[in-house]
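# Breakdown of the fold
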Amino acid sequence: HTHPLFRSTKNHEIEELHSHGRRPTRSVKPRCALHQNSFLTLFCRQCVVALCELCREAGSHCGDGHNVQSTTEAAPEMRQKLDTVRRQVCDTGKPSAVQNALSEVTATITELNNAAESTSKSISENVECLVGQLRKEERGD
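A brief report on the enclosed structure follows. (Residues numbered from 1 in each chain as written. Predicted model: local features only at pLDDT ≥ 70, side-chain atom pairs only at ≥ 80, totals over all residues. Heavy atoms only, no water.)

Pairing is antiparallel in the open sheet, where three strands are placed in the order S4-S3-S5. Looking along the sheet, the strands with just one partner apiece sit at the ends: strand S4 (49-51) and strand S5 (68-70). Neighbour-to-neighbour, the strand axes of the sheet open up by a mean angle of 35°, direction not taken into account. Two elements, strand S3 (residues 42-44) and S4, share three bridges in a ladder whose sense is antiparallel. Along S4, the bridge assignment pairs Phe43 with Ala50. (Pairing = 2+ DSSP bridges. Helix = DSSP H or I, 4+ residues; strand = E, 2+ residues; numbered from the N terminus. Axes fitted to C-alpha atoms, helices over the stretch in contact; angles between N-to-C directions.)

What follows is about the environment of Thr108. On the secondary structure map, Thr108 appears in helix H3 (residues 95-139). Remark: the alpha-carbon pair of Thr108 and Val48, spanning 60 residues in sequence, is separated by 9.4 Å.

Structure follows, in structure tokens:
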């Protein structure tokens, strides 16, 4: 499997799915990098990043006004965008169209990785701040 080789998929859990006598398919259940026992079940539309329930509950991701929805709700639109790019590439069949689509995908991947790093850093900073506040309270400062 190539999942462990890539930063964006190394925390994915892969399960075999059996469906009515057909060839088994695989389902990927990505886990949160910060809360490793939690699955990424939510999607922030503004940041274009997946997050877990703990990230949202702890307030360590996004602010008020960010549109967070379940990955199940967000998936159809993302699939539609992917299909649009795929059709553009297949319809034209020109190398330049393939290069343009590849550039778009590469830019999106870079954007997602940057957003993920930023979110992870923000979460870590918030956790450190909260831990510091709790320690102050324990000392009676």
